[in-house]
Amino acid sequence: MSSDIPNLRFKGEPLWLPSRRVLGVDIPAQTLGWLMDSSSLTQRLIQACPGKFSVQVIDQGYDLPMKNESRWLDMPGGSYGFIRQVRLLCNKTPWVFARTVIPVSTLSGRLRQLTRLGNKPLGAFLFADNGMRRGEMEIARIQHGDQIYQSALGAKGARRKGQENRDVIWGRRSTFYLDYKPLLVSEIFLPGIGQCDLYGAR
C-alpha cells in the first residue's frame, strides 16, 4: 500500500510499476489512454459501448492472493482474501478483465456486501462512495507465462508459437480505500477493446 515498498517480480507474476515510470514505455496510444484515465472505468466503458454493457463473473470466493498482491496489501503470508474475477463486456465481447483482492479485515460492517455484488460492477459501488480514496496507479506489461495472462484471456490465452511478443496485454491496478480499509483492483485491457475509441466516448 505504500510507495516505499520496492517493486519486485515474483515468478509467474507481472512486474507492476508506478504509472509515472512508464510514460516513456512503448505502449499503444489508445491503450495508454485507457491506462491513464483516472475516472470510473465502469462509467467510461458504458459510455464507449454502442450496445449492451454487462459483467460476467468468472469466479469469486476466498483464496490465496498472488504474492505481489498480498505484499502490497500488507497481508500476512498465507492469509486468504476474498478474490473476485470478472470480465466486462460490450455486446458479449470481453473488453476488460478485472481482479479484485479484498483482505478479510476489510470485510466488516457495511463492506461485507462486497462479497455479494453478483453481476453488478464493483466500480459503480466504489465511485458512488463519497469517502472513497484511491492510491497510486500502477501499470504492468502482461505476457505469456504470467498467471494473470491466462486468467484474463481464458482459452484465448493458450501459447501460440511465434506469437508471444505480439500477444502482450497491458493492465493497471490501484488500491482503493473504503472506511480507511483497502482493497486492490487490477484491470487488464483485452484485445477486444481496440474496437472502441475512449476519447470518442466522452
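Just above, that's the structure.
Nothing here was measured: the structure is a model prediction, and the numbers come from that model. All residue numbers here refer to positions counted from 1 along the written sequence of the relevant chain. Local features in this predicted model are restricted to residues of pLDDT 70 or higher, and side-chain atom pairs are both shown and tallied only at a pLDDT of 80 or more, whereas totals for entire chains, interfaces and linings draw on every residue. Note that water and hydrogens are dropped before the side-chain values are worked out from all heavy atoms of the structure.

## Section: the pattern of salt bridges
Stage number 1. One speaks of a salt bridge when a side-chain nitrogen belonging to Lys or Arg is within 4 Å of a carboxyl oxygen belonging to Asp or Glu. All told, the structure shown has seven salt bridges when counted by the stated rule.
Stage number 2. The salt bridge partner of arginine 110 is aspartate 129, with a shortest N-O separation of 2.5 Å. Of this pair, arginine 110 sits in the loop between β4 (93-103) and α4 (122-127) while aspartate 129 is found in the loop between α4 and β5 (133-134), placing the two residues 19 residues apart along the sequence.
Stage number 3. The salt bridge involving aspartate 179 is made with arginine 110; its shortest N-O contact spans 3.0 Å. Of this pair, aspartate 179 sits in the loop between β7 (169-178) and β8 (181-189) while arginine 110 sits in the loop between β4 and α4, and the two are 69 residues apart along the sequence.
Stage number 4. Here aspartate 179 falls in the partly exposed class, since its relative accessible area comes to 37%.
Stage number 5. Within this structure, Arg110, Asp129 and Asp179 form a network of salt bridges that share partners. Helix numbers and strand numbers start at the N terminus; a helix is a DSSP run of H or I with at least 4 residues, a strand a run of E with at least 2. Relative accessibility decides the category of a residue: with a 1.4 Å probe and only protein chains considered, values under 20% of the type maximum give buried, values over 50% give exposed, and everything between is partly exposed.

## Regarding the packing of aromatic side chains
Stage number 1. Aromatic rings from Phe, Tyr and Trp, taking only the six-membered ring of Trp, are treated as a pair when their centres fall within 6.5 Å; an angle between ring planes under 30 degrees marks them as stacked, one over 60 as edge-to-face, and anything in between as tilted. Inspection of the entire model under this criterion finds three aromatic pairs.
Stage number 2. The interplanar angle of 35 degrees and the centroid separation of 6.0 Å between the aromatic rings of tryptophan 34 and phenylalanine 189 together place this pair among those described as tilted. Residue tryptophan 34 is located in helix α1 (residues 29-36), and its partner phenylalanine 189 is located in strand β8; the two are separated by 155 residues in the primary sequence.
Stage number 3. With relative accessibility at 1%, the residue tryptophan 34 sits in the buried group.
Stage number 4. With 5.3 Å between their ring centres and 75 degrees between their planes, tyrosine 62 and phenylalanine 82 make a pair best called edge-to-face. One end of the pair, tyrosine 62, is in strand β2 (residues 53-63); the other, phenylalanine 82, is in strand β3 (residues 81-90), and 20 residues separate them in sequence.
Stage number 5. Residue phenylalanine 82 is classed as buried on the basis of its relative accessible area of 5%.

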